Structures are given as C-alpha cells and as structure tokens.
Amino acid sequence: MPSPPHLAHSPSCSQLLALFLVLSGTSEFSNGSEWQVLQPEGPMLVAEGERLLLRCTVIGSCIDATMKWVKVSNQEPQEIYNFKHGFFPGVMPMIRWTQEPLNCDYSIYIHNVTRKQAGTYHCVRSDGLNEHSEMQQDEGGTSVLVKGAGDLEPNLWIIQPQELLLATTGDTVFLNCTVLGNGPSGPIRWFRGTGLSREAIYNFEGISQPNVTAVRASNSDFSILLQGISTEYAGTYYCVKFHRKPNKQYMSGQGTMLRVKD
C-alpha cells in the first residue's frame, strides 16, 4: 500500500542541480559496484489528455538507491516523482500499475497530459554519498512533445500501444507499431534497449536479425514478429523513425517491455 499522502515541496533549482544525476547511457560506481541508468532518447509525441509512459531501468545494483524523475524545460528543473517520498498527483510508477515484479524498473506514467508537461525528463539516481550534478539542459533525458487539441496534425505519429508483454520460451511474439504520416525521408527501425548499447533488431530498409519478420498489414503498419524466442529476447523494444540526411533519430515510440519465462 502507498504511504499516506503529504504535500511535496518544490525543490529549488540549486537543490536539484546538487543531485547525483546519471544521464542516459552513462555509468558510475556506487559502493564498489557498477550501475547504469537507461532511458530512451525520444522525442516522444503524446496528445493532451492521454497517458505518457516514461521508461527507466537501472542495470546493476539498485539496492538503497534514491531514484527520482526531474523535468527540464524553459523554467528551472522540477521534481516530477520521487520513489522514496512525496505526493505527486497524476503520476504513478509502472510497477504499481502492472502489478508485475519489475526489478530495478523506475518507469512512470503521467496521466492526463497537458501542454505544460512538454520538456525533457531525466531519470535521476542519488546514492546519498556523492551529490554533484552533471545535468545539462540540452543533453540526455527523454524529450517529450505534447499535441494540443487545437494543434495541426503532426507530420509523424508513432503509436506503440503494447506496454508490457509476457511470453514463454519458443513463442512467437507480435510487437505492434503504427506510424501515421510521413515525416522526413528515412527508415523505420526496431531496437532493443537504449543508448549506445542498444541492439538493432529490424530495419525496414536494410539488414535485420534472423527470426524477425515484418507484418506490413498496411502502409502504416511497422509491426514485427519475433519467432521462436528465448529468455535472451527479454528487454524493451522501441519502434524508431530516422532522418536519412543527416542520419539521426527523429522520433520514437514509448517502448514495449518483453518478459520471457522458461
């Protein structure tokens, strides 16, 4: 059961900048063991009133870690959620929503999104020992764009509706991705994981891994099938649109976490 709610005091910019912040894809050492905070780059697009899923996983030791989410926009950094204390209306950990034992997972849902929630979100770890900041407003984090009710339709929308899939060794798994609009010239690709260590799974205009096939039920369908899976297939899969020139990520889906049991 969650602890009784109490008002969370908005931390000052200097307090937040004093956090020991780990940007996506960076590693540090805590109590002699290596750990890494992983979160997708984005940008992700969500409509006003919908639910936003921000993913964050700690690789390595997460015992006694103080984890929180911080949002950076044009204003000073704002604490969005703290896993140790505080009351944050409209924000809920994914682990509480799914009732699944997601070890070292610090993903959150933000319900009923508004325009004010556009910005860059950082998943932050503080070990309570070293409290210095490496946060840069233009580096790292997950970038979020919000479409208002009166806004023009975006030139690209990636819909990745499956948040968590449970499968058994040997199954064929369907990973759903719909891409509406055209966006810039460039391919759609699937990856497992985030950051520099992410694994290329499927490229609709290039080489892909064995046992992975495209569905292509329509021109907007970029779903794939993972066939004959094993426990090594577990992870979070992202459907991503790329620019062709320059070759860089343009937009990402919110990710699908796959858990595989023997």
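Before reading on, note that the structure itself is shown above.
Residues numbered from 1 in each chain as written. Predicted model: local features only at pLDDT ≥ 70, side-chain atom pairs only at ≥ 80, totals over all residues. Heavy atoms only, no water.

Enquirer: Before we go on, may I ask you to explain the overall build of the chain in this structure?
Expert: Summing up its helical and strand segments, the chain has two helices and 22 strands in all. The buried share among the 262 residues of the chain stands at 45%. Considering only residue pairs separated by 6 or more positions, the chain has 64% of its internal contacts joining residues 24 or more positions apart. For the chain, the accessible area works out to roughly 13400 Å², and carbon and sulfur atoms hold 50% of it. (Helix = DSSP H or I, 4+ residues; strand = E, 2+ residues; numbered from the N terminus. Buried < 20%, exposed > 50% of the residue type's maximum accessible area, 1.4 Å probe, protein only. Contact = heavy atoms within 4.5 Å. Areas by Shrake-Rupley, 256 points an atom, 1.4 Å probe, with all protein chains shown as cover.)

Enquirer: How should I be thinking about the sheet that holds strand β4 (residues 52-54) in this particular structure?
Expert: Hydrogen bonds between backbone groups are what pair the strands of a sheet, and the pairing can be parallel or antiparallel. The three strands lie next to each other as β4-β9-β8, forming an open sheet whose pairing is antiparallel. Where the open sheet ends on each side, the last strands, each with one partner, are β4 and β8 (91-93). Adjacent strand axes in the sheet meet at a mean angle of 25°, parallel and antiparallel pairs treated alike. Judged from the three bridges that link them, β8 and strand β9 (residues 108-110) form a sheet pairing that is antiparallel. Looking at β9, one finds that Met92 is bridged to Tyr109. (Pairing = 2+ DSSP bridges. Axes fitted to C-alpha atoms, helices over the stretch in contact; angles between N-to-C directions.)

Enquirer: Looking at this model, I keep getting lost on the state of the cysteines. Mind explaining?
Expert: Each disulfide consists of a covalent bond between the sulfur atoms of two cysteine residues. Taken as a whole, this structure holds two disulfides when the rule is applied. In this model Cys56 forms its disulfide with Cys123; the gap between the sulfur atoms is 2.0 Å. On the sign convention where negative means left-handed, the S-S torsion of about -75° between Cys56 and Cys123 marks this disulfide as left-handed. Of this pair, Cys56 sits in the loop between β4 and β5 (57-60) while Cys123 sits in strand β10 (residues 119-126); the two residues are 67 residues apart in sequence, bridging distant segments of the chain. The exposure class assigned to Cys56 is buried, which follows from its relative accessible area of 0%. For Cys123, a relative accessible area of 0% gives the class buried. The disulfide partner of Cys177 is Cys239, and the S-S distance across this bridge is 2.1 Å. Judged by the sign of its S-S torsion, about -70°, the bond between Cys177 and Cys239 is left-handed. Here Cys239 lies in strand β20 (residues 235-242) and Cys177 lies in the loop between β14 (173-175) and β15 (178-181), a separation of 62 residues in the sequence. (Disulfide = S-S within 2.5 Å.)

Enquirer: Looking at this model, I keep getting lost on the pairing of strand β21 (residues 249-252). Mind explaining?
Expert: Look at any regular strand and the pattern is simple: side chains alternate between the two faces of the sheet. Relative to β21, β20 runs antiparallel, the two sharing three bridges. For Lys241, the partnering residue across the bridge sits in β21 and is Met251. Taking the residues that link successive antiparallel strands as the turn, the β20-β21 hairpin has six residues.

Enquirer: Would you mind showing me how to read unusual backbone geometry here?
Expert: Negative phi is the rule for most residues except glycine; trans is the rule for most peptide bonds. In this model, Gly42 is joined to Pro43 through a cis peptide bond whose omega is 0°. As for its placement among the helices and strands, Pro43 is situated in the loop between β2 (33-38) and β3 (44-47). With phi around 65°, Asn211 is a residue other than glycine that occupies positive phi space. For Asn211, the position within the fold is in the loop between β17 (199-203) and β18 (212-214).

Enquirer: What is the right way to read the sheet that holds strand β19 (residues 224-226) from this model?
Expert: Read across the open sheet, the three strands follow the order β14-β19-β18; overall the sheet is antiparallel. The open sheet terminates on both sides in strands that have one partner only, identified here as β14 and β18. Each adjacent strand pair in this sheet contributes to an overall mean axis angle of 25°, direction not counted. Relative to β19, β14 is paired through three bridges, and the arrangement is antiparallel. Within the sheet, the bridge partner assigned to Leu175 lies in β19 and is Ile224.

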